[in-house]
Amino acid sequence: MPQRARLARRLSVEQVEEGLVLAPKFGRDGLIPVVTTDADSGEVLMVATMDAEALLRTVDTREAHYWSRSRQRLWKKGATSGLVQEVVDMRIDDDQDAVWQCVRVRGSGASCHVGYRSCFYRSISLEPGEEGRPIALRQEEAARVFDPVEVYGDAPNPTRL
């Protein structure tokens, strides 16, 4: 795929913080964190990572691409499920080491491989718990938006223990 986009080299703090060229700082693992929110509601849909290729493909196609740490490969969100994330806005933070993108999701609007709209479908209890007991979670999304078995069939689950 020919790419029109190019990343700049990081030359100075001024260029990184105030400049008008994209010069991202990837971690030692070659990845940069990405927060993905719904363009209309502002709801956080997921947090993922991109390598340079995923970032460039996202810019070039306006469809979200990520680096899947569990699969160890480039991954176009929605390639299997059809729930493609169309990028409406994409931002870089002050020192260019984190990305925030706003998307609209095709189909049911879900972004979670478990079948929920958002990957953040549970909240962490902030109430004091009993000593020695695990912290409780509370279900926030009442029902799945889609059935993962119908969508993914026998594809391996990307969640790793």
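Everything that follows concerns the structure shown earlier in this document.
Residues numbered from 1 in each chain as written. Predicted model: local features only at pLDDT ≥ 70, side-chain atom pairs only at ≥ 80, totals over all residues. Heavy atoms only, no water.

With respect to the nonpolar core
The nonpolar side chains of a soluble globular protein tend to be buried, and buried together. Membership of the largest hydrophobic core comes to 19 residues, with the highest contact counts inside it found for Met46, Met50 and Tyr66. With four residues, the top contributor of residues to this core is strand 2 (residues 44-50). Ignoring anything within four residues of it in the chain, the contact list for Met46 reads Val34, Val35, Thr36, Tyr66, Trp75, Lys77, Gln85, Ser111, Cys119 and Phe120. (Core = buried A, V, L, I, M, F, W, Y, C linked by side-chain atoms within 4.5 Å. Buried < 20%, exposed > 50% of the residue type's maximum accessible area, 1.4 Å probe, protein only. Helix = DSSP H or I, 4+ residues; strand = E, 2+ residues; numbered from the N terminus. Contact = heavy atoms within 4.5 Å.)

What about the side chain of Asp38?
Note on placement: Asp38 falls in strand 1 (residues 32-38). What makes Asp38 buried here is its relative accessible area of 9%. A distance of 2.8 Å separates a polar side-chain atom of Asp38 from the backbone nitrogen of Asp40. Other than its neighbours up to four places away in sequence, Asp38 contacts Glu43, Leu45, Val103 and Arg117. (Polar contact = N/O pair within 3.5 Å; in protein donor to acceptor, adjacent residues only side chain to side chain.)

A few points about the packing of aromatic side chains
Across all of its chains, the model carries three aromatic pairs by this definition. A ring pair is formed by Tyr66 and Trp75, whose centres lie 5.3 Å apart and whose planes are at 40 degrees; its orientation type is tilted. Under the relative-accessibility criterion, Tyr66 is labelled buried at 0%. Taken together, a centroid distance of 4.1 Å and an interplanar angle of 20 degrees make the contact between Tyr116 and Tyr121 stacked. By relative accessible area, Tyr116 is classed as buried at 10%. Across the ring face of Trp75, the terminal group of Arg71 is positioned such that the distance to the ring centre comes to 4.9 Å. (Phe/Tyr/Trp six-rings, centres within 6.5 Å; stacked < 30°, edge-to-face > 60°. Lys NZ or Arg CZ within 6 Å of the ring centre and 35° of its normal.)

So, unusual backbone geometry
In this model, Arg62 sits at a positive phi of 60 degrees, which is unusual for a non-glycine residue. Relative to the elements of secondary structure, Arg62 occurs in the loop between helix 2 (52-61) and strand 3 (65-68). Of note in this structure, Gln96 is not a glycine but carries a positive phi near 60 degrees. Its place among the elements puts Gln96 in the loop between strand 5 (85-92) and strand 6 (99-105).

Considering the pairing of strand 3
Note that strand 3 and strand 4 (residues 73-76) share four bridges and pair antiparallel. Across the sheet, His65 pairs through a bridge with Lys76, a residue of strand 4. Between the antiparallel neighbours strand 3 and strand 4 lie four residues, among them Gln72 with a positive phi of about 55 degrees. (Pairing = 2+ DSSP bridges.)

With respect to a negative patch on the surface
Negative charge collects at one region of the surface, where Glu14, Glu17, Glu18 and Asp94 lie side by side. On the secondary structure map, Glu18 appears in helix 1 (residues 13-18). Classification of Glu18 as exposed rests on a relative accessible area of 62%. (Patch = residues over 30% accessible without salt bridge, like charges linked within 9 Å, V, L, I, M, F, W, Y side chains within 5 Å. Areas by Shrake-Rupley, 256 points an atom, 1.4 Å probe, with all protein chains shown as cover. Salt bridge = Lys/Arg side-chain N within 4 Å of Asp/Glu carboxyl O. Lys, Arg positive; Asp, Glu negative; His and termini not counted. Charge placed at Lys NZ, Arg CZ, Asp CG, Glu CD.)

Side note on the sheet that holds strand 1
For sheets, the rule is that strands pair by backbone hydrogen bonds, running either parallel or antiparallel. Taken together, four strands build an open sheet; the order of strands is 2-1-6-5 and the sheet is mixed. Sheet topology places strand 2 and strand 5 at the edges, where each strand pairs with a single neighbour. The sheet shows a mean angle of 25 degrees between the axes of neighbouring strands, taken without regard to direction. Bridge count for strand 5 against strand 6 is seven bridges, and the pairing is antiparallel. (Axes fitted to C-alpha atoms, helices over the stretch in contact; angles between N-to-C directions.)

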